[in-house]
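Tertiary structure, described
Residue strings, one per chain:
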Amino acid sequence: MRYLVLSDIHSNLEALDAVLRAAAAHKYDAVLVLGDLVGYGADPNAVVERIRALKPVASVRGNHDKVAAGLDTAEDFNPMARAAATWTQDALSKTTLDYLRELPEGPTIVDDFIEICHGSPLDEDLYVVADIDAARSIAVSQRRLCLFGHTHVALCGRMDAQNRLEIEAPQGHPEFETVLEDDAKYLVNPGSVGQPRDGDPRAAYAIADVARHAVTLYRVTYPIEVAQKKILDAGLPPPLAYRLAMGR
Ligand code: ZN
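The shown structure was predicted, so the numbers you read here are calculated from the model rather than taken from an experiment. (Residues numbered from 1 in each chain as written. Predicted model: local features only at pLDDT ≥ 70, side-chain atom pairs only at ≥ 80, totals over all residues. Heavy atoms only, no water.)

The next thing to look at is the coordination of the zinc ion. Here the zinc ion is held by Asp 8 (OD), His 10 (NE2), Asp 36 (OD) and His 152 (NE2), and the distances to it run 2.1 to 2.3 Å. One chain supplies every donor to the zinc ion, and in sequence these donors are spaced D-x1-H-x25-D-x115-H. Taken together, the positions of Asp 8 in the loop between β1 (2-6) and α1 (13-24) and His 152 in the loop between β6 (145-147) and β7 (155-159) put the pair 144 residues apart, joining distant regions of the chain. Each member of the pair, Asp 8 as well as His 152, is classed as buried. (Donors = N, O, S within 2.8 Å, 3.2 Å for Na, K, Ca; no water. Helix = DSSP H or I, 4+ residues; strand = E, 2+ residues; numbered from the N terminus. Buried < 20%, exposed > 50% of the residue type's maximum accessible area, 1.4 Å probe, protein only.)

The next thing to look at is the side chain of Thr 96. The topology assignment puts Thr 96 in helix α5 (residues 94-102). Exposure remark for Thr 96: the relative accessible area of 4% places this residue in the buried category. Among the polar contacts made by the side chain of Thr 96, one reaches the side chain of Asn 45 at a distance of 2.5 Å. A distance of 2.8 Å separates a polar atom in the side chain of Thr 96 from a polar atom in the side chain of Ser 93. Apart from residues lying up to four places away in sequence, Thr 96 is in contact with Pro 44, Asn 45 and Val 48. (Polar contact = N/O pair within 3.5 Å; in protein donor to acceptor, adjacent residues only side chain to side chain. Contact = heavy atoms within 4.5 Å.)

If you trace the backbone, Asp 112 turns up in the loop between β4 (108-109) and β5 (114-116). Using a relative accessible area of 73% as the deciding quantity, one classes Asp 112 as exposed. Sequence separation between Asp 112 and Arg 143 is 31 residues; the distance between their C-alpha atoms is 6.8 Å.

A few words now on the packing of α1 against helix α2 (residues 44-54). The relative placement of two packed helices is expressed as an angle between their axes plus a distance between the axes. For the pair α1 and α2, the least separation of the axes is 9 Å and the interaxial angle reads 25°. Here α1 is positioned roughly parallel relative to α2, judged by the angle of their axes. Judged by the sense of rotation from one axis to the other, the crossing of α1 with α2 is left-handed. For the pair α1 and α2, contact is made by Leu 13, Leu 16, Asp 17 and Leu 20 and by Ala 46, Val 47, Arg 50, Ile 51 and Leu 54, respectively. Classifying every residue of the contact of α1 with α2 by side-chain character gives 7 nonpolar, no polar and 2 charged. (Axes fitted to C-alpha atoms, helices over the stretch in contact; angles between N-to-C directions. Parallel < 35°, antiparallel > 145°, perpendicular 65-115°, else oblique. Left-handed = near helix turned anticlockwise from the far one by under 90°. Nonpolar A, V, L, I, M, F, W, Y, C, P; charged D, E, K, R; others polar.)

Residues that lie three or four places apart on an α-helix share one face, since the helix turns once every 3.6 residues. An ideal rise of 1.5 Å per residue puts 16 Å on 12 residues; α1 measures up with 16 Å between its terminal C-alpha atoms. Most of α1 is tucked away, with 9 of its 12 residues classed as buried. Every buried residue belonging to α1 is among Leu 13, Glu 14, Ala 15, Leu 16, Asp 17, Ala 18, Val 19, Leu 20 and Ala 23, and all of these are buried. Turning to α1, the residues buried within the fold contact β1, α2, β11 (203-209), β12 (214-220) and α7 (224-233). Where α1 begins, the capping side chain belongs to Asn 12, and its oxygen is found 3.4 Å from the backbone nitrogen of Glu 14. (Expected span 1.5 Å × (residues − 1).)

Here the focus is the sheet that holds β5. Pairing is mixed in the open sheet, where 6 strands are placed in the order β4-β5-β6-β10-β7-β8. Every other strand in the sheet has two partners, leaving β4 and β8 (165-168) as the edge strands with one partner each. Alignment of β5 against β6, held across 3 bridges, turns out to be parallel. Along β6, the bridge assignment pairs Ile 116 with Leu 147. (Pairing = 2+ DSSP bridges.)

Written out as structure tokens, the structure is:
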């Protein structure tokens, strides 16, 4: 079984379409979605429609999905994220809204090998930035490979049998493969499809291969200027457009 792993798409249709085109060459069998389908970008309905059509075998909701669906308030959001959330709520079709409302809270067990969550298996809204949070998240994960998103930063964390943590960032690599060792547990963030924040503006995604016990992180270019123009034309906060070119 080979899974295409998508996280933090954030209403960026151009990035999602580039990822789906590139990923087709990897011949995946099923799709996993780690949350934040919407928020920030200008195409919430089209993005959710694409995801629905892919029929993910497992998905979890993100904090932006919760706010857009009216399941949480935007009080923890910064002013730009809040403005985008309000814009998104107004833009959502009934079909999109229903889909977002039904997204489950993580973590979710996918199979014998993989578990998925948005922030952390400890808390769906936790940002795993610090090593201590990565270590605690791996410790509670119920599978060898825990896939997470939320920070928009691609990374691969590994904890060995002696509880030693190692974090690798695939900085700048278009392709970064990790073959999982038998006696270690892993916490892997594929990076963000629609709003990368690790300094690499290319759209990020991953392929998790259960038979090979491998996960590969990929980056692909997309027409950033098209997504930017849509954000500006929609009246969303302009920095949300500019940051796409910087990958920040
Ligand atoms: Zn996000």
